[in-house]
Amino acid sequence: MPESDAGGVRSVQRAVDLLALFDVEHPSRSVRELVDATGLPKTTVVRLVHTLEQCGLLWSRGDGHLVPGAGLLRWAELANRTWRLPEEALRRLAELSEASGGETVSVYVRQQNSRVCVARHEGTRTLRHVVRVGAELPLWSGAASHVLLSRSDRADVAAVASRAPGDDWCEPLWERARKADADGMAVSHGEREPGVSGVAAPVFAAASGRLTAAVALGGPTTRFTDEAVAGLTPALLDTARALTALDCIGGTA
């Protein structure tokens, strides 16, 4: 890649990383916070902020803090329309939650080395698994991750595993991904967070058969015994097949 092109890609990546620092917990940021979080020189951060402001992607409140710009509203609306599941799909998620005794149902898609929650039906249990739509979770752990990696080759899985804490994730993650492919589903206990379990199944593109998402149930490990998982698996697989038939992941337009 020519040096000028590499520099341009690096600048774009830095700008995206800067925007990624704004989230529900940090709706506003000062330039100092951006510098500290990125480790970039202040001059570089100021230049990126200026460019993003000109594009409407950041906005200065005038009190020393920056917030996501109004230009993002158009993209947010488009993303919401594209990723919002049709009513039939949402009904199926609700029915799965009810069939599981009130556990939370989530739908995840892969985004590079993360999995992103694109839809959910919150459970009714007092103690329940909570993941916001749009939240990014690591791809090296959890039943949904095993499903999303079930069609990946060893090198891809190894790259994901390299981001996990410790050095012993590669082989176990590969084995879990292979098992998810063979079983058509996956179960995990306490991989990302102690006491949290999940069971997931794959969702495919109806026409191409490409793996597009994982639909998952999550909750306290004490409720995800082998017997409980065996009891809710038929409903989970039925929901995954229904979502495949609806072919609605990522929009229908």
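Bear in mind that the values here come from a model prediction, so they are computed numbers and not experimental data. (Residues numbered from 1 in each chain as written. Predicted model: local features only at pLDDT ≥ 70, side-chain atom pairs only at ≥ 80, totals over all residues. Heavy atoms only, no water.)

Caption draft 1: Representation of the overall build of the protein. Scanning the protein from N- to C-terminus turns up nine helices and nine strands. Projected onto the principal axes, the alpha-carbon positions of the protein cover approximately 60 × 40 × 40 Å. Looking at the protein alone, contacts between residues at least 24 apart form 56% of all its contacts between residues at least 6 apart. Total accessible area computed for the protein in this model is approximately 13,700 Å², and 54% of it derives from carbon and sulfur atoms. The average position of the 28 basic charges and that of the 31 acidic charges among the side chains of the protein differ by 3 Å. (Helix = DSSP H or I, 4+ residues; strand = E, 2+ residues; numbered from the N terminus. Contact = heavy atoms within 4.5 Å. Areas by Shrake-Rupley, 256 points an atom, 1.4 Å probe, with all protein chains shown as cover. Lys, Arg positive; Asp, Glu negative; His and termini not counted. Charge placed at Lys NZ, Arg CZ, Asp CG, Glu CD.)

Caption draft 2: Spatial organisation of the nonpolar core. Residues Leu93, Val107, Val199 and Val215 are the most contacted members of the largest nonpolar core, which totals 25 residues. For this core, the elements supplying multiple residues, two or more each, are α5 (87-99), β4 (104-111), β5 (114-121), β8 (196-204), β9 (211-220) and α9 (226-246). Sort the elements by how many residues they give to this core and α9 lands first, with five residues. Here Leu93 is in contact with Leu85, Val105, Val107, Ala119, Arg120, His121, Val215, Thr239 and Leu243, once residues within four sequence places are set aside. Of all hydrophobic cores here, the second largest spans 24 residues; its members include Cys117, Val160, Ala164 and Ala177. (Core = buried A, V, L, I, M, F, W, Y, C linked by side-chain atoms within 4.5 Å. Buried < 20%, exposed > 50% of the residue type's maximum accessible area, 1.4 Å probe, protein only.)

Caption draft 3: Local environment of the sheet that holds strand β2 (residues 58-60). Within the open sheet, the three strands sit side by side as β1-β3-β2. Their pairing is antiparallel. Strands at the two margins of the open sheet, each flanked by one partner only, are β1 (29-30) and β2. Where β2 lies against strand β3 (residues 65-68), three bridges are found, and the strand directions are antiparallel. What sits directly across from Leu58, in β3, is Pro68. Sitting on the sheet, helix α3 (residues 42-54) is in contact with β2 and β3, with an inclination near 100 degrees to β2. (Pairing = 2+ DSSP bridges. Axes fitted to C-alpha atoms, helices over the stretch in contact; angles between N-to-C directions.)

Caption draft 4: Inspection of α9 at higher detail. The end-to-end C-alpha distance of α9 is 30 Å, a good match for the 30 Å that 21 residues give at a rise of 1.5 Å each. The largest bend in α9 is about 40 degrees, located at Thr233, with the proline Pro234 one to four residues further on. Where α9 is concerned, the buried positions are Val229, Leu232, Thr233, Leu236, Thr239, Ala240, Ala242, Leu243 and Thr244. Among the structural elements, α5, β4, β7 (186-189), β8 and β9 are those in contact with the buried residues of α9. Positive phi appears at Asp247, one or two residues downstream of α9, with a value of about 50 degrees. (Expected span 1.5 Å × (residues − 1). Bend = angle between axes of the 7 residues up to and from the residue.)

Caption draft 5: Examining the packing of helix α7 (residues 154-161) against helix α8 (residues 170-183) more closely. Between α7 and α8, the least distance of the axes is 9 Å, while the angle of their chain directions is 130 degrees. By the angle class used here, α7 and α8 are oblique. Regarding α7 and α8, the two cross each other, and that crossing is right-handed. Residues Arg154, Val157, Ala158, Val160 and Ala161 of α7 pack against Cys170, Glu171, Leu173 and Trp174 of α8. (Parallel < 35°, antiparallel > 145°, perpendicular 65-115°, else oblique. Left-handed = near helix turned anticlockwise from the far one by under 90°.)

Caption draft 6: Region of interest: unusual backbone geometry. Although it is not a glycine, Gln112 sits at a positive phi angle of roughly 55 degrees. Take Gln112: its relative accessible area is 65%, and that puts it in the exposed class. Located in the positive-phi region is Asp247, a residue other than glycine, with phi close to 50 degrees. For Asp247, the position within the fold is in the segment after α9.

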